[in-house]
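Structure at a glance
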Amino acid sequence: MKADIILKSDAIFDSMCDDPFPGFVAIAGNKIIGAGACDEGTKTLIDSNTKIYDFKNKLIIPGLHDSHVHLALASLYLSSVNLGAAKSEEESARMVAEFEKQHPTEGWIFGFNWYNFYWKDQALPTRKSLDAYFPDRPVFLMNTECHGIWVNSKALEICGIDQNTETPKGGTIHKDENGNPTGVLDEDAAGLVAAKAMDMPLELQLNYLRPFLEEMSAYGVTSLVDVQPLFGVEMSFLKAVKYLEDKDELPLRIHIAGNLFEDIAVHEIRRSTLSTDKVRFDQLKQFTEGIFPTHTCLLLEDYTDEPGNKGTVIGDLEKLEQCVMTAHQHGFSVKLHAQADKAVQLALNYYQKAIKKYGPLRHTIEHAELVDKADIMRFRQLDVVPSMQPEHLGLSPHWDNHEYRITLGDERAWRCWPVKSLLKSTGVVALGTDCPVVSGNPYYQISRSIIRTLDNGEPEGGWNPQERLTVAEAIRSYTYGSAYGVGRENELGTIKVGNFADITVIDRDLFKIPAEKIREARSAMTIMDGTVRYVCEWKNERGR
């Protein structure tokens, strides 16, 4: 068999060895047919139609695989106003108006990344500041954590939310002294608005989705996991994904995790119709808890800033446990959002019970930011994959008043993001972004997992530096680890003969630069399913 494409480099990291090696990767069709050191045998793979790319000192790795993306929201984020730089409620509202003036749209106005904890006045915003700019169009603004929204009066009106609206279990409709909604809704209450805002025709879904997929491909991402459930509803661009697949226009593979709380019969139908090499629906996702700043994460010990409070339960944990059992029985891998030690323990308990009753099945825990030492070994025992997002470590701008130190105290905060410990225990960690909570740029995650400091370099020496990953461990976790998390480690995640030809060429050798500089890396070429999906402008291709 002759190769359609041969990639050469002085640095190939196959996610199996510990160090890069000089050599080649040969591709025919959508599969890898050869990989290793260049020798006389390599010539037998070449004919006049073979394209040969010599990347010299650029690093070749398996295609990057993001283990945690909110695909629909991430697509909206790319085309919407980013409020991360705002210092006040008024500045945020004004930024939305200015962005809309420069980038006019129709229908709902979307925005992201506001966070009142970073404002001088940390009070929650209200609909009134948005009403001043948008009296007649609905506005939907998601906060930095993606666990709460800020909307205007028109949005509330369209969704029928007023002083008589009952707050759904697992959520909060913030109200003023007269009982009127203020415009801020948290957790499942936000779903009352999200269901309307996200209901859009195929053409609009495509307009948002295409640029995001192109950007991810340009980063070198060849696969992602779309964790759809949020706010109690499915935040999905499924119509657009299926359309692009049918047109053979998907630049990367998409593994869909649907809503664990939906009817299992519906999921069975989706699994039967979405079961290709590029789009798969065989995972279900839900939340055991919320987030630390709102004290909705579930802890084994009290919050430091709220003695007597171990976390407010925002969902139906009995229902969650039963749905895990049902999903496992029907062969669906489950992904549970669990940041804090008690929530992680609960998730492991649910999985253990399901495995004991129905037999082995691989599940994941999303985030696992604070894990009790006794539970770390249970990940390996149960074959549970920790799916982690190191860039979250750098979300706060300052160490002195970091929200985890405030809510958890220094000792527990210092133990957060135990990536290395979990890797040692399980042998595998899946890395991802949680985009749009942070950028979809994988090199931010890889860099942060190695340096473990905030953007300003604090804390000195790194945040629990014993938990730092090496470059090899970080890349392996972002390739093989994420493939393992979706049960496809035998066809994705490594460069070996027989695997799908998903390859990322990075514009520099990450093993030979300071970890801080990894954030500046970009893809020189991205190949998914044997097809070049992205190529940076450069001149070193020759046919032969």
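All figures in this text were calculated on a predicted structure; none of them were measured in a lab. Residue indices begin from 1 for each chain and proceed along its sequence in written order. It should be noted that, the model being predicted, local features are given only for residues of pLDDT at least 70 and side-chain atom pairs only at 80 or more, the latter also being counted only at that level, while totals for whole chains, interfaces and linings use all residues. Excluding hydrogens and water, the side-chain values take into account all heavy atoms of the structure.

**Some thoughts on unusual backbone geometry**
When glycine is set aside, most residues are seen to have a negative phi, and most peptide bonds are trans. Look at the link from cysteine 435 to proline 436: it is a cis peptide, with omega at 20°. Structurally, the position occupied by proline 436 is in the loop between β21 (430-431) and α15 (442-451). Between glutamate 458 and proline 459 the backbone carries a cis peptide bond, its omega angle lying at -10°. Per the convention used, a helix needs a DSSP run of H or I reaching at least four residues, while a strand needs a run of E reaching at least two, with both numbered from the N terminus. Along the chain, proline 459 turns up in the loop between α15 and α16 (471-485). We note that histidine 295 has phi near 60°; this positive angle belongs to a residue other than glycine. Within the element layout of this structure, histidine 295 appears in the loop between β17 (279-287) and α9 (317-329). When a residue's accessible area, from a 1.4 Å probe over protein chains only, is under 20% of the maximum for its type it is buried; when over 50% it is exposed; and in between it is partly exposed. For histidine 295, a relative accessible area of 11% gives the class buried.

**Some words on the packing of aromatic side chains**
Any pair of Phe, Tyr and Trp rings, taking the six-membered ring for Trp, is counted once the centres come within 6.5 Å. Such a pair is stacked with planes under 30 degrees apart, edge-to-face with planes over 60 apart, and tilted for the rest. According to the stated counting rule, one finds 16 aromatic pairs in the structure shown. On the numbers, 5.7 Å between centres and 65° between planes, the contact of phenylalanine 110 with phenylalanine 140 is edge-to-face. Separated by 30 residues along the polypeptide, phenylalanine 110 in strand β8 (residues 109-114) and phenylalanine 140 in strand β9 (residues 139-143) bring together distant segments of the chain. On the basis of relative accessibility, which here comes to 6%, the residue phenylalanine 110 falls in the buried class. Seen from their ring centres, tyrosine 115 and tyrosine 118 are 4.8 Å apart, and the 80° between their planes marks the pair as edge-to-face. The buried category is assigned to tyrosine 115, whose relative accessible area is 4%. Tyrosine 118 sits in the partly exposed class, given a relative accessible area of 30%. Grouped by ring-pair contacts, the aromatic residues Phe292, Trp399, Tyr404, Trp414, Trp417 and Trp463 constitute a single cluster. Counting as a charge over the ring demands two things of the Lys NZ or Arg CZ atom: a distance within 6 Å of the ring centre and an angle within 35 degrees of the ring normal. For the cation-ring pair, arginine 271 lies above phenylalanine 332, with the distance from its terminal atom to the ring centre recorded as 3.8 Å.

**Here we look at the side chain of glutamate 391**
Its place among the elements puts glutamate 391 in the loop between β20 (384-388) and α12 (403-408). Two N or O atoms count as a polar contact when they lie within 3.5 Å, although within protein this holds only if one can serve as hydrogen donor and the other as acceptor, and sequence-adjacent residues are included solely when both atoms are side-chain atoms. Polar side-chain contacts of glutamate 391 include one of 3.3 Å to the side chain of arginine 519. In what follows, residue pairs with any heavy atoms lying within 4.5 Å of each other are defined as contacts. Among residues more than four places away in sequence, those in contact with glutamate 391 are Val438, Tyr444, Gln445, Arg448 and Arg519.

**A look at the packing of helix α6 (residues 202-219) against helix α7 (residues 238-246)**
For any two helices packed against each other, one specifies the inter-axial angle together with the distance between the axes. The angle between two axes is taken between their N-to-C directions and runs from 0 to 180 degrees, where each axis is a line fitted to C-alpha atoms and a helix contributes only its stretch in contact. Running from N to C, α6 and α7 point in directions that differ by 70°, and their axes come no closer than 9 Å. By the angle between their axes, α6 is roughly perpendicular relative to α7. In the crossing of α6 with α7, the sense of the turn from one axis to the other is right-handed. In this structure, α6 contributes Leu202, Gln205, Leu206, Leu209, Arg210 and Leu213 to the contact, and α7 contributes Leu238, Lys239, Ala240, Val241, Tyr243 and Leu244. When residue character is reported, Ala, Val, Leu, Ile, Met, Phe, Trp, Tyr, Cys and Pro are called nonpolar, Asp, Glu, Lys and Arg charged, and the others, Gly included, polar. When grouped by side-chain class, the residues that make up the contact of α6 with α7 number nine nonpolar, one polar and two charged. Our angle categories are set so that under 35 degrees counts as roughly parallel, over 145 as roughly antiparallel, 65 to 115 as roughly perpendicular, and the remainder as oblique. Note: crossing handedness is left-handed where the near helix turns anticlockwise from the far helix by less than a right angle, and right-handed where it turns clockwise.

None of the figures reported here should be taken as evidence of function without further support.
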